[in-house]
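This is what each chain is made of:
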Amino acid sequence: MQSNQKELLIQKHVDFIVNYGKTHDQYEYEMSDYLRMSGLYWSVTFLDLVKSLDKLNKSEIVDYLKRNQHENGGFSPCDGHDPHLLYSLSAVQIAITYNVLNEINSEKLIEYISNLQQEDGSFSGDCWGEIDTRFSFCAVAALSLLNALDRINIEKAVTFVLSCMNFDGGFGCLPGTESHAGQIYCCVGFLSILNRLHMINVDLLGWWLAERQLPSGGLNGRPEKLQDVCYSWWVISSLKIIGKLEWINIEKLREYIISCQDDETGGFSDRPGNMPDPFHTLFAFAGLSLIKAFPDALKEVNPVFCMPQYVIDRVKVKPQLL
Amino acid sequence: MSDSSDESVDLDVSYSQRPEWSDITPITQDEESNQICRIAYTENFKEVFGYFRAILKISEKSERAFDLTKDAALLNPANYTVWYYRRILLKELNKDLHQELEFITKVIRSNPKNYQVWQHRRCIIELLQEPDKELNFTEEILKRDSKNYHAWQYRQWVIKTFALWDNELDYVNDLITVDVRNNSAWNQRYFYLSNKYDLTQENEILNREIDFCLEKINFCIDNESSWNYLRAVIDHLIKINENNYPQKVLEFCNIKLSTGRDDDMSPFLLSFKIDFNWFRSKEMLKKLESNNDDVCLKQNIRTYANESLDYLTKLAIKYDTIRANYWNYLASNWKQEFGQYTQ
Ligand SMILES: [Zn+2]
């Protein structure tokens, strides 16, 4: 490490995450209350990566999971909301990380997820029919963690995701929509879980992804957009999956991520000087872990699931990596 | 994080003070039971959603419930349950859908980056079967943010569903004229092209697209979007024309490359030429398999390889240093594949 390098203030970030929700701005928090289950996943995963998972009360979290499983099997983000595939994946990720799958009704959940598959192979996010390749990823990610991929039509699911591949090698959320790093992460992760990475034009996509790195070292999600810590994660995890992570400048990326650290309050923001939040804090650390920036302080992250690698090993899930 | 709404909800009289709501007991959230999920709500928010949960629980289909969903939707436009219930009430109470369209227009104007609001609009248009204003409306939103993903997705849905292709190319042309780097517009151009034409046939159309690209690249050479589009068009063209590379593209590249001006040395131009060289060299390598003594072929490969390696070095150390590893990777491919011809 260089001497002029900004220090990584892990303890501050742990405090930031553990106290988030007690001290944050009210308005922001209530507007995002539909994200609560995902927020819990971000916090749990972050704390596990920095070896501080004991800072959260496990039994409260298990309780929370149980309370938010709907009778149809899906999970809602928070009390009083409807279940959705996004939060169902978050719930599975939390349950797997804590190794408490037996505490939730997996069979019901598997049923809920497989019922969301449509005739064309796509998945809707909930019973009201929003279709998005993100949901294809959520479905197969959750099902693979539950060891139940045989419960959906995999060929049709793959066909749909491939129909969203664009002329630039990337993916959008529906056929014809613009390539976007977040969607690419979902589609590449989806194909990795299903062992179909050979369907990707790796050189074309890899170059498109590498082009996302800006002079600051940070990465954006689409051409001409600003760099952002969360997009940096989606781009580099995709690059890692297709075996092209070394195409970008890792050192500059590390500098960029660290520059988004809030030295005062703890936490990371999308860009230097902005307001930190748990979402960007997790993706900052996942990014640092993926590029092995602080190998002693951080556990290894899995690029497909954005969960600690040891957890993925424990459930014996092996997504394909090129 | 979310766009603040200018349709703010100011309750003159709180629900608990309104006689017409006195029969309803709001359902509050079980807040204290869980430390992790403790949410600090504002009073308005708490109140409106307390009543909303109560209404939802008894599935009340009434005018007051309909009005309540308006406050709830404005307080949290991302809450999909609210919109869903509002649609049930729209139907049930036989509400005026044109009025609803006006309402959702206002909400989208203040929350253009929220999925639920666009979804609601789509449902209304599906019921009305009146897409006439939709292109104008998305244009209005895209005028403020030309990359709004929801607006583009919605526009594509409208165009496809109601076959409104006629003016799309003009619209895309306008956008690209205003901002040649607008990647969403280039994507929309491809959406138009690939839906409107059978790209395995349309020689003429594809050639027209090449001219368009070259003009835009000439105007702004360092533009990822136009080069990516050009590559896609050429891919289609060479499939139709049995690997005949469009000559005008090569001429264009060679002119740019020959200026020697640093301004012209865009990584996209260099990499385009390098990929062309690769394509040609591979072709010649194939020919060499049947005629191993062709000195001329070997000489050509050598020229291509040397030029490519020269560009790749320049990219790695001068024009695009941040991606030096990528350019070095391509250079190693060249050396591996054609190294024997460069000696
Ligand atoms: Zn972000």
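Residues numbered from 1 in each chain as written. Chains lettered and ligands numbered in written order. Predicted model: local features only at pLDDT ≥ 70, side-chain atom pairs only at ≥ 80, totals over all residues. Heavy atoms only, no water.

- An unreviewed UniProt entry lists chain B under the name Protein farnesyltransferase/geranylgeranyltransferase type-1 subunit alpha, with Brachionus calyciflorus given as the organism.
- UniProt, in the comment section headed Sequence similarities (unreviewed entry), describes chain B in these words: "Belongs to the protein prenyltransferase subunit alpha family." (UniProt positions renumbered as here; feature names shortened; annotations may be inferred.)

- The name given to chain A in an unreviewed UniProt entry is Geranylgeranyl transferase type-2 subunit beta, and the organism recorded there is Brachionus calyciflorus.
- UniProt's Subunit (unreviewed entry) comment on chain A is quoted here verbatim: "Heterodimer of an alpha and a beta subunit."
- According to its UniProt record, chain A has this under Function (unreviewed entry): "Catalyzes the transfer of a geranylgeranyl moiety from geranylgeranyl diphosphate to both cysteines of proteins with the C-terminal sequence -XXCC, -XCXC and -CCXX."

## So, unusual backbone geometry
All names here are of chain B.
- One non-glycine residue, S59, adopts positive backbone phi at about 50°.
- Take S59: it is sitting in the loop between α1 (43-57) and α2 (63-75).
- Taking the relative accessible area as the measure of exposure, S59 reaches 37% and is therefore partly exposed.
- Despite not being glycine, N94 has its phi angle at roughly 55°, a positive value.
- Residue classification places N94 among the exposed positions, given a relative accessible area of 68%. (Helix = DSSP H or I, 4+ residues; strand = E, 2+ residues; numbered from the N terminus. Buried < 20%, exposed > 50% of the residue type's maximum accessible area, 1.4 Å probe, protein only.)

## With respect to the coordination of the zinc ion
All names here are of chain A.
- Surrounding the zinc ion are the protein donor atoms D228 (OD), D228 (OD), C230 (SG) and H280 (NE2), which sit 2.1 to 2.4 Å from the metal.
- Coordination at the zinc ion is irregular, judged from the four donor atoms that bind it and the angles of 56 to 125° they form at the metal.
- Counting residues between consecutive donors of the zinc ion along the chain gives the motif D-x1-C-x49-H. With D228 in the loop between α10 (202-210) and α11 (229-241) and H280 in helix α13 (residues 278-290), this residue pair connects regions lying 52 residues apart in the sequence. Take D228 and H280: they sit in the same class, and that class is buried. (Donors = N, O, S within 2.8 Å, 3.2 Å for Na, K, Ca; no water. Tetrahedral: all angles 85-135°; square planar, octahedral: opposite > 155°, others 65-115°.)

## Regarding the packing of aromatic side chains
- The full count for this structure, using the stated rule, is 44 aromatic pairs over all chains.
- Considering the side-chain rings of A:F167 and B:Y229, the 6.0 Å spacing of their centres and the 90° angle between planes classify their relative orientation as edge-to-face. Taken together, the residues A:F167 in the loop between α8 (154-162) and α9 (181-193) and B:Y229 in helix α11 (residues 224-240) connect one chain to another.
- Residue A:F167 is classed as buried on the basis of its relative accessible area of 17%.
- According to the relative accessible area criterion, B:Y229 is buried, its value standing at 0%.
- Their ring planes at 70° and their centres at 6.4 Å tell us that A:W207 and B:W327 sit as a pair that is edge-to-face. Residue A:W207 is found in helix α10, and its partner B:W327 is found in helix α15 (residues 324-342); the two belong to separate chains.
- For A:W207, a relative accessible area of 5% translates into the label buried.
- Three or more aromatic residues joined by ring pairs make a cluster, and in this case those are A:W42, A:F137, A:Y185, A:Y231, A:W233, A:W234, A:F279 and A:F283.
- Residue placement shows B:R86 over the ring face of B:F66; its charged tip is 4.1 Å from the ring centre. (Phe/Tyr/Trp six-rings, centres within 6.5 Å; stacked < 30°, edge-to-face > 60°. Lys NZ or Arg CZ within 6 Å of the ring centre and 35° of its normal.)

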